[in-house]
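Close look at the chain arrangement
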Amino acid sequence: MTLVKRISSEKRKLEIGQAALELAYMHAPENVSTGMIATRLGLTQPAIYKHYPTKQDIWREVSKRLAGRISDNVTHAERAGLEPVAALKQLVLSHLDLVSQNPALPELMTMRANSLGQTVFKGQIQTAMAEFQRELTRNVQQAIKDKVFHDTLNPQDAALLIIGVIQSSVLRMIVTGNPAILQKDGPRLLDLLLAGFIRKGEKL
């Protein structure tokens, strides 16, 4: 008799969340149903409801995990002891890597339709992104203090411009349908932007 190995509830929940994200990128978040998730995983809908009573519960858990990943990237950059410019690069590139692995993330953050009750999950991700922006600003301030960046540079504006590199790369990913473009072009575009912040005689 062949024994079927049962997986843990936590692992199954991770699989359900990942399937939801993959389907959201393919079909748009509001079009994802529990039936589609079940089919993708080879499960029945009751098996999905065993772990998540409602679809909103799935998105709530997905957003919690994505927000946690964003916060973890900020924490790792803080604890790495890097120079400010290196820390800026790590922050941006780790975020681009996260989006390339979860390309539905931008659409989950920006969607307007309330069909998913998106206030359930948008707030968590937006809070994490606010933390991300504050860390960008802090590193720009430190680079100015260290006389690496121009002392006329406004830290808040510089952080917004850095986020603009992320957003423009994400937009190209959406238009082309190619998540790999984030890691291909992101580092080059970020270096181009940071070069404009650097004081004469300094190097990236």
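First, a word on what this report is: a plain description of the structure on this page. No experiment lies behind these values; they were computed from the predicted model shown. (Residues numbered from 1 in each chain as written. Predicted model: local features only at pLDDT ≥ 70, side-chain atom pairs only at ≥ 80, totals over all residues. Heavy atoms only, no water.)

For the rest of this paragraph, the subject is the packing of helix α1 (residues 9-27) against helix α2 (residues 34-41). Interaxial distance between α1 and α2 falls to 9 Å at its minimum, and their mutual angle equals 110°. In terms of orientation, α1 lies roughly perpendicular with respect to α2. When the axes of α1 and α2 are compared, the crossing they make is right-handed. Of α2, the residues touching α1 (which contributes Glu 15, Ile 16, Ala 19, Ala 20, Glu 22, Leu 23, Met 26 and His 27) are Met 36, Ile 37, Arg 40 and Leu 41. Residues of the contact of α1 with α2, tallied by class, amount to eight nonpolar, one polar and three charged. (Axes fitted to C-alpha atoms, helices over the stretch in contact; angles between N-to-C directions. Helix = DSSP H or I, 4+ residues; strand = E, 2+ residues; numbered from the N terminus. Parallel < 35°, antiparallel > 145°, perpendicular 65-115°, else oblique. Left-handed = near helix turned anticlockwise from the far one by under 90°. Contact = heavy atoms within 4.5 Å. Nonpolar A, V, L, I, M, F, W, Y, C, P; charged D, E, K, R; others polar.)

Inspection of the secondary structure assignment puts Ala 47 in helix α3 (residues 45-51). Taking C-alpha positions, Ala 47 is 9.7 Å from Arg 12, a pair spaced 35 residues apart along the chain.

All right, on to the pattern of salt bridges then. Enumeration according to the criterion identifies ten salt bridges in this entry. For Arg 65, the salt bridge is made with Glu 10, and the minimal N-O distance between the two is 3.1 Å. Of the two residues, Arg 65 is situated in helix α4 (residues 55-79) and Glu 10 in helix α1; the sequence distance between them amounts to 55 residues. Put simply, Glu 22 and Arg 40 hold a salt bridge, and the shortest N to O gap is 2.9 Å. Taken together, the residues span a long stretch of sequence, with Glu 22 in helix α1 and Arg 40 in helix α2 at a distance of 18 residues. A relative accessible area of 32% means that Glu 22 is categorised as partly exposed. Using a relative accessible area of 41% as the deciding quantity, one classes Arg 40 as partly exposed. It is possible to trace a salt-bridge network through shared partners that takes in Arg 172, Lys 184, Asp 185 and Arg 188. (Salt bridge = Lys/Arg side-chain N within 4 Å of Asp/Glu carboxyl O. Buried < 20%, exposed > 50% of the residue type's maximum accessible area, 1.4 Å probe, protein only.)

The values are spatial; any link to function lies outside them.
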